Structures are given as C-alpha cells and as structure tokens.
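An overview of the molecular structure
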Amino acid sequence: MRAITVRDRNAGVPGLTLTDMPYPHAAENDVIVRVHAAGFTPGELDWPTTWTDRAGRDRTPTIPGHELSGVVAELGYGTTGLTVGQRVFGLTDWARDGSLAEYTAVEARNLAPLAADVEHTVAAALPISGLTAWQGLFDHAHLTSGQTVLVHGAAGGVGSIAVQLAREVGAQVIGTGRAADRDLALSLGAQTFVDLNADDLRQVGEVDVVFDVIGGDILRRSTELVRPGGTVVTITAPPDVQPRQGRAVFFVVEPDRARLVDLAERVRTGRLRPVVGDVRPLAETASAFARHRRAPGKTIIKIAE
C-alpha cells in the first residue's frame, strides 16, 4: 500500500516521503480501515510517540496522522460492534502507525459509525478537533450557559468547533485570530473578535474560561483576564502561570466513541459545521504539513475516492 512515512527525527517536514509499505496487521480487537480521508496535526513530528511505541522502542519508519474516515476492510480477532464494508471515522493510537496511508489498523473502540450523508473529508476533520473542543470546554472548564469564553484560534480546526459548541450552550464567545479570520469567526457564532496582531487583548475584560491553542505570551496574557473561579484550558504545554483565583489545565485529547457519534449527528443535522480548509492528495502531504502554511480550518488529505 502507499503511505506517507518518516524515518529521520531530525529531518522534519522534508523527511516526509510517499513510499510503499506492507499492508497492516489486524491485532485482537483491531479494525483495518481503508482510508478515504485523513487529518493530521502539524506539530506531531515533534511528539515522542511519533517515533517510539508504548514501550519506548524505535518504530521507524513511522506513518503519521491520527484522524481518519473510511470503510472497514477487515476485522481482527474478537472485534465486535463493526462490520466489513461499514463507513467509520475516528482517532488512531498515538504510538502506532497512523492515518496517512491507504490502509491502517485501529482499535475498534476508537472508531464510530459514520452516516452515509456525511462526507469523508468532513468526518476526517472531526476526531481531534471535535473531541478536543468538547473535552476542553465541558469536561475540563465546565463551561455553562451565560458564562464568557475566550477562544483563541477561532477560525482554526479546534477553535472553530469550540466557538460553535460554546454558542450552542448559551455562552458569550470572544474569538481571536488574524484580521483575515474575523468574518469566519463571527459567522460561526463569535460575538466579538480580537485581532491578536492589532488589538489589545485586555479590551475583552474578564472572562470565565480561556480556551488556548497558541501558548506562550498569548497564554500568559490571557491568564490575567480570568475572573475568580475561572479556568484556563490549554492544549499546547503545561502552563507556567495560573489565574490568581482560578485554575489552569493542560490536557491531551482522549478517544471517545460516544462523543464522536454525537458530533457526527450534529454535523448531519446542521448543528455543527467543521471548517475544512485545503484538501490535498496523499502525494502533497509534505507541503500540507509545512508550518508556514496558515489557512482557516483543518487541512485534509484525500486518499481514496
């Protein structure tokens, strides 16, 4: 099968190559998915689990990418709840070969059924972004109706979903980004938009929740805006500052089949709109990974028709 692989940790994005790889093995409780569309996180080449297995052993050449949508091609021993030919989407294991391949092995519990009227390119934009937004807002920050949330990167893959979910529960949403992101953020439900390059972040006043996807100085300045009892949630790194009378939480997204089902139903019924940015073929994965490329929404790699 064709797959994107990387062998040299120091090579970075230029080290991504399109190669032939063996068809994956379905372990117990695994599913082999014929991948139609895949998503990735630009920084994942820096993650330790990209290079080693759960025991810390080198596993290069490795296939990156951790989001997929496709069709079940094979069931491993003991796998239940899914059938060959079924449309599915979900999240691959962090320490195994990922989704940027024609076929990949995934634990069945990490996959959810996908309705026929949701496109694979849309479904592939949901697993990490949708679960991260939900878990950050509700599992960690406990956002409720009437509260105010500051969502950084409001036009990005995670931020765009966070804006929509927060508005649906009745929160007041302030989105941030670049000037070019303003119209998209407002169309998704943000009531106020802050241009991080031109506006003073302090103008937003006090907020109950900060949802951070940027880190660094933006995270530190945002922490000062949290009112007593509020929460800063970040996915970038453990925070080195805390709100004066609040909490700061760093988390890594976790698989959740039931929540994936819920998110897909929201998409199917029009209550949630994942923002799909560029859609690239597998051969153009390296250019899609390039950090200098900044586009709204989630970049998706289309692998099969």
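From a predicted model like this one, the values you see are computed outputs, not experimental measurements.

The buried count for strand β15 (residues 298–302) comes to four of five residues, which makes it a mostly enclosed element. The sheet contact formed by strand β3 (residues 30–39) and β15 spans three bridges and is antiparallel. Residue pairing for β15: G39 is matched across the bridge by I300. With four bridges connecting them, strand β14 (residues 276–281) and β15 associate as parallel partners.

Here the focus is the side chain of D195. Position of D195 relative to the elements: it lies in strand β10 (residues 192–195). There is no salt bridge for the buried D195, and the closest opposite charge comes from R182, which lies 5.0 Å off by N-O distance. With sequence-adjacent residues up to four places away left out, D195 is seen in contact with G177, R178, A179 and R182.

Moving on, we get to unusual backbone geometry. Note that the residue after T60, namely P61, is joined by a cis bond; omega there is 0°. Position of P61 relative to the elements: it lies in the loop between β3 and β4 (67–75). One non-glycine residue, N29, adopts positive backbone phi at about 70°. By the element assignment, N29 lies in the loop between β2 (17–20) and β3.

This part takes up the packing of helix α2 (residues 127–140) against helix α3 (residues 157–168). Their axes nearest at 8 Å, the elements α2 and α3 cross at an angle of 50°. With respect to α3, the axis of α2 lies oblique. Crossing hand, α2 versus α3: right-handed. Packed against α2, whose contacting residues are S129, G130, T132, A133, W134, L137 and F138, the element α3 presents G157, V158, I161, A162, L165 and A166 at the interface. A breakdown of the residues in the contact of α2 with α3 according to their chemical character gives nine nonpolar, four polar and no charged.

Bringing the environment of V210 into the picture now. Following the sequence through the fold, V210 ends up in strand β11 (residues 207–212). A relative accessible area of 0% places V210 in the buried class. A sequence separation of 89 residues divides V210 from T299, and the C-alpha atoms of the two residues are 25 Å apart. Not counting chain neighbours up to four residues away, the residues in contact with V210 comprise L150, H152, S222, V226, T231, V232 and V233.

Relative to the helices and strands, S222 is located in helix α5 (residues 216–223). Residues contacting S222, with those up to four places away along its chain left out, are L150, H152, L201 and V210.

Pairing is parallel in the open sheet, where six strands are placed in the order β10-β9-β8-β11-β12-β13. Lying at the two open borders of the sheet, with one neighbouring strand each, are β10 and β13 (247–250). Taken over all neighbouring pairs, the strand axes of this sheet differ in orientation by 15° on average, direction set aside. Relative to β11, strand β8 (residues 148–151) is paired through three bridges, and the arrangement is parallel. The residue of β11 that forms the bridge with L150 is V210.

At their nearest, the axes of α2 and helix α6 (residues 257–268) sit 10 Å apart, and the two run at 105° to each other. Classified by the angle between their axes, α2 and α6 sit roughly perpendicular to one another. Residues P127, G130, L131 and W134 of α2 form the contact with α6, whose own contacting residues are R259, L260, D262, L263 and R266.

A few words on the packing of aromatic side chains. Per the stated rule, a full pass over the model turns up four aromatic pairs. Ring geometry for Y23 against Y103: centres 5.2 Å apart, planes inclined by 55°, an arrangement best described as tilted. Of this pair, Y23 sits in the loop between β2 and β3 while Y103 sits in strand β6 (residues 103–107); the two residues are 80 residues apart in sequence, bridging distant segments of the chain. Relative accessible area serves as the criterion here: at 24%, Y103 is assigned to the partly exposed category. Taken together, a centroid distance of 4.2 Å and an interplanar angle of 15° make the contact between F40 and F289 stacked. Taken together, the residues span a long stretch of sequence, with F40 in the loop between β3 and β4 and F289 in helix α7 (residues 285–289) at a distance of 249 residues. For F40, a relative accessible area of 4% gives the class buried.

Calculation rules
Residues numbered from 1 in each chain as written. Predicted model: local features only at pLDDT ≥ 70, side-chain atom pairs only at ≥ 80, totals over all residues. Heavy atoms only, no water. Buried < 20%, exposed > 50% of the residue type's maximum accessible area, 1.4 Å probe, protein only. Helix = DSSP H or I, 4+ residues; strand = E, 2+ residues; numbered from the N terminus. Pairing = 2+ DSSP bridges. Lys, Arg positive; Asp, Glu negative; His and termini not counted. Salt bridge = Lys/Arg side-chain N within 4 Å of Asp/Glu carboxyl O. Contact = heavy atoms within 4.5 Å. Axes fitted to C-alpha atoms, helices over the stretch in contact; angles between N-to-C directions. Parallel < 35°, antiparallel > 145°, perpendicular 65-115°, else oblique. Left-handed = near helix turned anticlockwise from the far one by under 90°. Nonpolar A, V, L, I, M, F, W, Y, C, P; charged D, E, K, R; others polar. Phe/Tyr/Trp six-rings, centres within 6.5 Å; stacked < 30°, edge-to-face > 60°.

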